[in-house]
Structures are given as structure tokens and as C-alpha cells.
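Chain by chain, the residues:
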Amino acid sequence: MAMTRREAFKTLAKGTLPVLAAGCVSTALPTAARAADDNELESNSKYRKVDEAHALGLLYDATKCVGCKSCMVKCSEYNELKPDTRVDGIHQAPPSLNYFTKNLIKLYRSDDGSDHSYFKQQCMHCIDPGCMNACMFGGLRKDEETGVVWWYGPKCVGCRYCQIACPFHIPAFQWDGFNPKIVKCELCRTPMQKDPSKKEPGCTKVCPTNAVIYGTRKDLLAEAKRRVAAAPGKYYQDKVYGEHDAGGTQVLYLSRVGYDKIGLPDVGEASIPSTLKYSHMAYKWMVLPLLLYGTMVALASKNFAHHSHHLVEEQKETGLRPQL
Amino acid sequence: MTRWERSVPVYGVPVLTRGFWALCALIAVGLVLTGYREVAGLTAGISGMTDPFAWGLWKTFNVMVLTGLGSGGFAVGIAAWVFNNKKLHSVMRVALLTSCLAYWTGLCMLGIDVGRPWNFYWVVLPWQWNLHSPLLEIAVCMSLYASVPLFLENLPPIFEYIIYEFPKWRSIAETCESVMAKVYPFIIGLAYILPMMHQSSLGALMVLGGKRVHTLWQTPCLPLIYVWAAAYLGYNCVTLCILLAKLAWKRDVDPVVMAELNKLTVWLVYSWTAFRFLDIIVRGKFLHAFTDGYFSILFWVETALTLGSAYVLSTEKGKKLSTMFNAHLLCAVGGMIYRFSPTTLAFSAKENAFYFPAAAELIVCLTFIAIAVLGYLVAVKKLAILPGSNEDWMKMAKYEESIKPGIQLTGYAPADH
Amino acid sequence: MAKDAFEKETIAQSLKNAGYSRRDFIQLCTTLVATAPMGLALTENATPAEVAKNVGKAKKPSVVWLHFQDCTGCSESLLRTSKPDVADLIINLISLDYHETLMVACGDQAEAALKSAVEENAGKFVLVVEGSIPRKDKGVYMMLGGKPAIDVLKETASKAAAIIAMGSCASWGGVPSADPNPTDATGVDQIITDKPIVNIPGCPPNPYTLLGVVLEYAVMGKLPACDSLKRPKFSFDRVIHDHCPRRAHFDAGRFADGYGTPSHRQGYCLFKLGCKGPVTHAGCSTRHFNEIPDCWPIGLGAPCFGCTEKGVGFTIPLFDRVDAHGFTATPPDTYAPISSTFGKVGAGAALLVGLASGALAGASWAASQKLASSEETIADEAKTSGGK
């Protein structure tokens, strides 16, 4: 049966619209419900946004990773990091991210040993990073165009507040030496600047299974969602970790095993800096502090005048120098 | 019965006692270790800090806890000058001195703790500040407070010392004194607003710690509860200093002022506890006070120490000096544990991570406490800090004049206005 | 006269006269570079051709070789290269002025040869000692030319420039010193203390290690860097386990459970059969013997015996297992765990915390007791003032 173009559109619309509507409702309802549920602390407000079409990130699919660790080797090579052989003096076996290691493959094993998954740990490059909010003078900064979070030594005091503020335990402090550094993944920003022939980070370049890929957040999120849609139920809660977590991150994760089990904590959907909004409100335009200061000075002046008068009276009586 | 009318130095006691030299020995060891830390970094031998527990004793105890104890200058000051509590003027100098020492040793400790202190100079360039950072607020306000208002507030005893001991410099010191008297309200206004800001920001620091700080402590109100705790800790510290002065140098206590200190401490602790419970209940986390094992116990230990002490202080028994001493001490311990909890005791960085300081770290921590104690011991013997009566002053003057002929400590007629 | 002319020869001239091609020499130098890729000034960052050039320029070092309580296995291992001309070449690199088992002379003639070799090169020759020296009863258990061996050693050593103890026996006693050690046999460095000594333990040691040490001394004029047991680091800096070809089986937990069993035939790790590889410092796992691949104990299916490690070979029973984890590194796990462990409680720190809090508590208690003894209160006075 031949179909005119008009008919075709009609059919398409008939088929698509309910799906779209259902989709909208199914997205909107939980969102609305969640928004209602959330107390204000955990609202989804963001202090900072990125241009998603330019913000760069990674997508790591734990189901594709074979644990070969070639990304770790390449990462050390690109970033000119010394191998961390401190475990025994021989083997390069960092137990966690540290100032030798910007990228680490970890292994999750269930207690009974029946289940396992790899996990690649490096900076999440949050859209609104906690570390950057914590940093006093801007030792941690976010590239305006790419959104890459990087460490700028001349502004770093070495206070390690970034380590407290990062819910993912990413920034590593150099505990040895008189001139310590904060070491974290910078998406191979420096190697790529030094050598323009390098077009992508070391880890994505060498990954033999494309378990980790590099691109703009927009593309990566679309790809992640495509994978989830293509195999419903394959990924944990059909969720892309990092889409909303901690206000959204530029590094996205897909995993079959629960995200909390492989080391991605449930941090809520509010960005880390937004938890401080009440404190910031107290300082808005410095109105409150200045008002308080004025009041206190006014009261103190009045009381001080009385007190001074009292002191002079006392001196008349005793002949002792008054004390302030 | 004694009435405190003015501050009187501790007299007739040597400065260089055996305790003085013992403290000096500890400080020498600690400073050598500090030097080693500057060269070798915060290595495993020096500190127990690790990446998940990036803040150790130096920041969490020397700065975040002990400046709470040193908040007397601001807590007693507000009551005296802003709320016009005249009884408290007599203990102001003790409060200011303890504050000054706690803050300066705390700031030194901060400088030793940070890894790249040479970059701290950005703090004087406001356009380089990240205004969102609670730590910046602390860095700016705390160093500003310690170096300007708190420093100026501690100058009058030194001016007096110069006036009495160095006649050559007398006129300059007197000029300084009168200038100070003119701007004093503006200074003390600053001396109250700055600590209010940074003592609360010390709490705000850990708000960024998120869920790693146990839910009984983690709250958007953490800054407010933190500064509140600092207030009664300041009172605890002042009271303890006065009671120890009674023990060590037989200084008489003024019952009226002591009763006032007790009363304010009691109400501060009561209101603090009430606010804390209210916050936990409103957030719907009160059940955690019973279900979370170690954390629940810690919570009740804090509450019992502070609330129990406050209760004892409010009773008839609390008027006995020994009971008062015990109660203020335990209350201070409770408050200090509270201030220590969000960063360390109730901070679960990672599943398998814990923090215990290294021996060297502890010695350096104790060293800077020792420096403060040493400074206090010297200051109260040289300067008019501890409260006393006019009669005490006369006795002191008689003693001083007998050993230092020519010194004039009495008989000053008021200047014409 | 002829002898003088021979001595002034450089190594290159000597090799040329003996009819060796440059190719043979460079091949030997290549082996030397492979033996000591680092740790020797001679081979550090040098190509075999450069090594050959430097070695060729040097004068042939005079070597006096003494035998004591030994089996001559060390000399044998030097001579039993896979091709006879290689051994000949090695012998041609040095001026071997005295070697009891390699010389024709015997009796008085031999005694005279030793005397003249020592006298003529006094203060310049390298003394190689093979075998342990008995000390019991003034050394009467071994007599050489009517004198106790220990005296011969002392006499000769007093004129030597440097001493190389070849083999485990000369290094610290070896087989003759095994329990109950009836002759109180010991190594050279227990007797001679005023001369530079290099130990090259092994039963037998790898001849290329000797070659490296001797040539380093001849060309650079110094002995190589050594570890605390005086073993040259270039050959003894790592344990056999580090580069063992069976290491993968160890890491994976695959062990041979007996000789001739299927697991043994499959080449699994010999650790459970008593292999001392994890505690034995030696280069055997990368430098096999007789220039034949896999020609070394573990390569042939026998556990390492630990001959180069004092207190292991000839001491720990052959089939006893050693504590692998205490001595050497095995990766804790191939992968980092999701949550690794941080923090530790030091004994000193715990003690300090205890002391500090104890002192504080004690002082507070004492203070409160003292205050209590005054029985002073503020109650009445406060009331009085309130009433005022």
C-alpha cells in the first residue's frame, strides 16, 4: 500500500506523540517529586554552568574495561610522573590516587568473589567543583572553554582544603619534600599544550577496548544515553553517573555494578559549593556584617564614654592611673 | 571579700622558674622538629596525615579547637562593651591575653601546616581572593583580627608598663594611650565582628565536607553552632585562668564577677545545646543519636560534658571553687570535643581510613601550646593582666618601690579635661 | 727481559699477538656489557666498541690466584665456557702470573714462581683467593710448602693491591664452614682487614662477574661499588626472585609440588620445594652459565640453593622454605582495592597522647583537690553583694 508523505507524517506523529508525552510525564513526574522531596540543602541549584558543547570530559564504561592498566602507564608517560614503587621498592602498584598517580584502575570484588568490576579513577571535572570553591586564591581553576579543572601552583598555599572539599577523593597532596604540589588529572591539558600532535588524553588514546572515550560533555552524554537505551537493564539503575551527581560532572560513568560499590559515592544532586549558600547569604554585599559592626560600634561608644567617665572619677578617689 | 577594681601584675615571683625552663626545653625540641618539617615536608615520620585525612592536629586542634578556647576576647568583650555588663571589665585583660596567644600560636601553626606558605602573600591582594572560600574568610579575618584589633587591644598593659618602667618613653606611651582611647570603640567593634565571622567560618569549612561529616554534626547551621561553642569556651578559659591564678599565686577571686561568669557560661551552654538539638530534630536526624554506635556515643559524651557541667554550675554546689573548676574544665573539654568532631572524630573520610597523629606532630602541637603558656606566664608577671583590688595594687606598689627606687605606681592625679 | 716486554703490553697488543680478531674481542665486551649494564664505570652508558677501546688501551693486570680449602669449581667454571677459545680469550685479558692448577710447575719450582710473581709485582697485583681458610689450631689443617695456608695468605695479601674472594668459600667459608665446621674455616675478609676486598660469592660464581671486577680495576683503577657484604652491586643488587623466569607462576600461586610431578614438569614455581630465590641476591636469573640459555639451577628445574647469600646457602637446609614475604616484594594485589587503608597508630605517638592526657588529667585533679581543700565558695559573698 502506497503512503503519501502526509499520511506518513500523521502515522509517525500518532506513534510518536504518546511516547513523547509518556516520556515527558515519566521524566517530569519523578523530577517534580524529587524536587518536592529534597530539602533545600539538596536542591539542584548550581552556582556554575558550562557550555556543554565545548566542555570536555571522559566517558568510562566499566562493562568494557578489561583492566589492562595501559591507561595508567600512558598517563604516567604523558604527565611525566615517576612510577610509584613505594609499596615494595620494585612494583608500580599505587594503592590509591597519590602524587605519583593521576589515573588508577581499581578492582571491585564482591565479598563472595562471584562478582567483579573494574573502576577507573581520575578527576571528575565537576561542572561546579568543590575543590575550586574551597581554594583560597584560585590554585585550582576551571578552564573557561573546556571546563577542565587544573592546578595552578603559584596560587596554591598547600592548605589541602581541596582534599576536604572533593567528595571523590581526587586531589592528591605531595607529602614529601619542602615544595609540595597538588596532583590531579587535568585531562592531559599540559601534554596536549606542549605537543599539539597529541589530540586526546593518554588514557583514551591507548584504551584497547574504548572503555574510556574522550569528547565534549554533550556528545558523551548522548553516547552514554544511547548505550543505556540500547540495553535497558544492563547498567545499574539505567543511570549515567555524573549526569546530575554533585551538580553534574564532565567525566561520566557507566557501570553494571552499583556505583557506590565501585567507589562513586552517592553525593546527591546538589553541587558541592551550593551547600554553602546559607553561609554566603550571610555575607551578601557585606550588608549583615557591616550592619552588625555599626550597631556594635554605636553601643560600644556609648558604653565606653560612660566607662571612661567612671574611670576618671575613680582616679580622683584613688590616685591610681586608670586602666583601659 | 575581694572586689576586683583593676588589673594587678603577679609580683614577688620569679619569671625564670623550673617550669619555665621545662617549657623552653619542650619548645626547643618542637622547633627543631618544625625545622625538619619545613625541609622534609609532611612526610609519614612527621605527620599522620594522609590524602583522605588531609587535615591533622595542627589545623584541627591548634587552630580550630584552641582558637575556640581563645575566644574569650570576643565573647567576654561583647558582653562587657556591647551589652554593657560592667562586672566583666575586670577580666577583660585575661580574656584578651588568652585570645591573643591562642590566635598567634594558631596562626603560626597554620603557617607550619600549609605546604606552600610562601604563596600566602596573595592574602594582601583582595582582587586575588576567591570570595566563595570559607578558608579565605578565615585566612583574611583571622590574620586581620590577630594583627590589628586583637593586637591593639592588648597594647594598653604594655603602654602602662612603659609608662611605669621607662620614664624616657612615658610621653610617647601616654600619647599612644590617648589616641587609642579615641578610636577604641571602632577597634573593639572590629574585634567582635571579625571573630564572629571567622569563628563561624571555621564551622563552614566542614560544610563542604558533605556527607563525610556525620549527620549529627553536618548541618547548614554548623557555622552558627561553631561560633556559639567558641563563646562559652572563651568563658571557660577565662574562668579556668583565674582559678589557676588563685592556686598558683594566691590571687583572690571576686565572687560577684565569678558568679557572673558562671551565669553567662550556663546560659550560653543551655542555649547552645537547645539550638543544637533543635537543629538535629528539625533536620529529622535525631534517631541517629541512638542508632549510630560510636557517633551516638560521641554525641552524648559532648552533650553530657557540656550540659552536665552547666547544670552543676547553675546549682548551689557550683559556687564552690573546686566544683567550679571541675565544671568549667569538663565543659571546656566537651566543647573542645565538639569543635574537634566535624574534622576528625566524626569525620569518616573513607571506609578504611582513620587518622592518628604522629609523635613528631604531637610534639609540635604541644610546643605551640607551650609557647602560649610560656607567653601567658611571662605576661601576667610583667604586665597588669590578672584582676585584683586597689588594695592589691597598693601592696604591689609598695613591693615594687622597695626594690626599684624611683618607680611611681601610685599618686596620679587625673589630667584636666 | 722477555718478561718485562710482555708486561708492558697493553691488552690490545696482547690479544693481537695471541691471534684474536677484533670481532672476538668485541663479542666478549658485548657479553661484559650485558653482564654489567649498570654499576660499573667501565660499561656505564658505553657501547661494546667503546668498552673494547678502553679495555684495549689498559695494561694487562697481574693476577695471582691462590687456592685454599676448595674444589677448584670456581676455576673450572671460568674455564668451562661453551667454546674453549672464549676461556682462552679471558685468560689472555689478564696476566695470570700464578695459578696452582693452571701451571705446569710443581714443588719448589711452583714456590719460586709464587715468590717471584709476588715480589716483581709487589703492591700492584690483584690477588684472587679461591677456597676457605682454616683457622683452627693455627691453621695446621692445611699446609702449603710447609707453611699453614693462613700464613701464605697473609704474606701474599700484604703485597697485593686488592683482593677478590672468588666463590662462597673464599667469601665467608662456604662448604668447609658448614656446621660443625671442624677446621674453623672462614672467608678472606675475616683474616685480611687492611686491603680492599671484593667478594664474588657463588658455588660456583659467574666468571663474567670476575671479569667485570678485574677489568674495572685494570681500566678504571678502582673496584666497583659493593653492598654491605662486599658483593659488587652490578651483579648482586637484586634477588633472583625479581627476574626469575618462573616468577609469573609465583604471582599466580602455581607451585611445583614435588620432583617429577606434573606441576614440576610444567615449569611451575619451585618456591615450595625450598627455592631460596626470594632471599638470594645474585644475577643468575638473567646471566646464565656457560653461555647456554637456561643453564642455571632454576632453569634446569632445581630450586635455588642460595649459595651467594651468607646464612642461606650451606646453612638453611636444602628443602626448607624461606619467608618470601619478609624478604622480598610481592605485589599486594594486582589491582588496587576500591577502598585502600590509610592511617596508623605509632607506639610513640600513642604513648605521647597517653602521657599528655594523663598529665593534664592528673594536674587538673590535683588542682581541683587543692581548691577543694581551701573550702572556699563564692556563694555567701555573692549573696551579700546581691543584697547590697
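Conventions we followed
- Residues numbered from 1 in each chain as written.
- Chains lettered and ligands numbered in written order.
- Predicted model: local features only at pLDDT ≥ 70, side-chain atom pairs only at ≥ 80, totals over all residues.
- Heavy atoms only, no water.
- Pairing = 2+ DSSP bridges.
- Helix = DSSP H or I, 4+ residues; strand = E, 2+ residues; numbered from the N terminus.
- Axes fitted to C-alpha atoms, helices over the stretch in contact; angles between N-to-C directions.
- Contact = heavy atoms within 4.5 Å.
- Domains from an automatic or database assignment.
- Buried area = accessible area lost by both parts, 1.4 Å probe.
- Salt bridge = Lys/Arg side-chain N within 4 Å of Asp/Glu carboxyl O.
- Polar contact = N/O pair within 3.5 Å; in protein donor to acceptor, adjacent residues only side chain to side chain.
- Patch = residues over 30% accessible without salt bridge, like charges linked within 9 Å, V, L, I, M, F, W, Y side chains within 5 Å.
- Areas by Shrake-Rupley, 256 points an atom, 1.4 Å probe, with all protein chains shown as cover.
- Parallel < 35°, antiparallel > 145°, perpendicular 65-115°, else oblique.
- Left-handed = near helix turned anticlockwise from the far one by under 90°.
- Nonpolar A, V, L, I, M, F, W, Y, C, P; charged D, E, K, R; others polar.
- Expected span 1.5 Å × (residues − 1).
- Buried < 20%, exposed > 50% of the residue type's maximum accessible area, 1.4 Å probe, protein only.
- Arc of directions from axis to C-beta.

Caption draft 1: Summary view of the sheet that holds strand β3 (residues 126-130) of chain C. Residue and element names in this part refer to chain C. Here we have 5 strands laid out as an open sheet, ordered β2-β1-β3-β7-β9, and parallel in their pairing. Of all the strands in the sheet, just β2 (95-99) and β9 (197-200) have a single pairing partner and so form its edges. Pairwise comparison of adjacent strand axes, ignoring direction, gives a mean angle of 20 degrees for this sheet. Direction of pairing for strand β1 (residues 62-67) relative to β2: parallel, over a ladder of 4 bridges. Looking at β2, one finds that Ser-62 is bridged to Ser-95. Contacts between helix α9 (residues 149-159) and the sheet are confined to β1, β3 and β7 (162-166), with β3 contributing the most and set at about 160 degrees to the helix.

Caption draft 2: Highlighting the domain arrangement of chain C. All names here are of chain C. According to the domain assignment, chain C contains domain 1 (2-235) and domain 2 (238-333). Counting residues at the interface gives 23 residues for domain 1, matched by 14 residues for domain 2. Summing both partners gives a buried area of about 1500 Å² for domain 1 against domain 2, and 53% of it is carried by carbon and sulfur. For the pair domain 1 and domain 2, the interface holds 1 salt bridge. Our count for the contact surface shared by domain 1 and domain 2 stands at 7 residue pairs in polar contact (both at pLDDT 80 or more). For the side of domain 1 that touches domain 2, the elements supplying multiple residues, two or more each, are α3 (22-35), α10 (167-172) and α12 (233-236).

Caption draft 3: Region of the structure containing the interface of chain A and chain B. Each partner contributes residues to the interface: chain A has 73 residues there, and chain B has 86 residues. Across the chain A to chain B interface the summed buried area is about 6500 Å²; carbon plus sulfur atoms make up 60%. The salt bridge involving Arg-160 of chain A is made with Asp-113 of chain B; its shortest N-O contact spans 2.8 Å. Taken together, chain A and chain B are joined by 49 residue pairs in polar contact (both at pLDDT 80 or more). Where the side of chain A that touches chain B is concerned, the elements lending two or more residues are α3 (130-134), α4 (161-165), β6 (172-173), α8 (277-282) and α9 (287-318) of chain A. Here the element with the most residues in the side of chain A that touches chain B is α9 of chain A; it accounts for 16 residues.

Caption draft 4: Structural context of a nonpolar patch on the surface. On the surface, Phe-166, Trp-169 and Ile-172 of chain B cluster together into a nonpolar patch covering about 330 Å² of accessible area. Of note, Trp-169 of chain B is situated in the loop between α8 (155-165) and α9 (170-207).

Caption draft 5: Focus on the packing of helix α4 (residues 72-82) of chain B against helix α5 (residues 92-113) of chain B. All names here are of chain B. The N-to-C vectors of α4 and α5 enclose an angle of 150 degrees; their axes lie 7 Å apart at closest approach. Relative to α5, the element α4 lies roughly antiparallel. For the crossing formed where α4 meets α5, the hand is left-handed. Seen from α4, the contacting residues are Gly-72, Gly-73, Val-76, Gly-77, Ala-80 and Trp-81; seen from α5, they are Met-92, Ala-95, Leu-96 and Ser-99. Class assignment for the residues of the contact of α4 with α5 results in 6 nonpolar, 4 polar and no charged.

Caption draft 6: Looking closely at helix α16 (residues 390-403) of chain B. With 14 residues, α16 of chain B should reach 20 Å at 1.5 Å per residue; the first-to-last C-alpha distance of 20 Å fits that figure. Residues Asn-390, Asp-392, Trp-393, Met-396, Ala-397 and Glu-400 of chain B constitute the buried set of α16 of chain B. Taken down its axis, α16 of chain B places every buried residue within 140 degrees of arc, on the same side. Turned more than 90 degrees off the buried face of α16 of chain B, the exposed positions are Glu-391, Lys-398 and Ser-402 of chain B. For α16 of chain B, the secondary structure elements touched by its buried residues are α9 of chain A together with β1 (6-7), α8 and β2 (387-388) of chain B.

Caption draft 7: Here's a closer look at the side chain of Gln-174 of chain A. All names here are of chain A. By secondary structure assignment, the location of Gln-174 is in the loop between β6 and β7 (182-183). For Gln-174, the side chain forms a polar contact with the main-chain oxygen of Asp-176, separated by 3.1 Å. Apart from residues no more than four positions distant in its own chain, Gln-174 is found in contact with Tyr-99, Asn-179, Pro-180 and Lys-181.

Caption draft 8: Looking closely at the domain arrangement of chain A. According to the domain assignment, chain A contains domain 1 (45-272) and domain 2 (283-318). Distance from the C-alpha centre of domain 1 of chain A to the C-alpha centre of domain 2 of chain A: 54 Å.

Caption draft 9: Up close: the side chain of His-328 of chain B. Residues and elements named next belong to chain B. Inspection of the secondary structure assignment puts His-328 in helix α14 (residues 321-345). Within the structure, the side chain of His-328 is placed 2.8 Å from the side chain of Asn-262, a separation counted as a polar contact. Setting aside residues up to four positions removed in sequence, His-328 forms contacts with Tyr-235, Asn-236, Thr-239, Leu-240, Asn-262, Thr-265 and Leu-313.

Caption draft 10: Region of the structure containing the packing of helix α10 (residues 222-249) of chain B against helix α11 (residues 255-282) of chain B. Residue and element names in this part refer to chain B. The contact between α10 and α11 brings their axes to 10 Å, and the two run at 155 degrees. Classified by the interaxial angle, the pair formed by α10 and α11 is roughly antiparallel. The element α10 and its partner α11 pack so that their crossing is left-handed. Judged by residue contacts, Leu-224, Ile-225, Trp-228, Ala-229, Ala-231, Tyr-232, Tyr-235, Asn-236, Val-238, Thr-239, Ile-242 and Leu-243 of α10 engage Met-258, Leu-261, Leu-264, Thr-265, Leu-268, Val-269, Ser-271, Trp-272, Phe-275, Arg-276 and Asp-279 from α11. In terms of residue class, the contact of α10 with α11 is built from 17 nonpolar, 4 polar and 2 charged.

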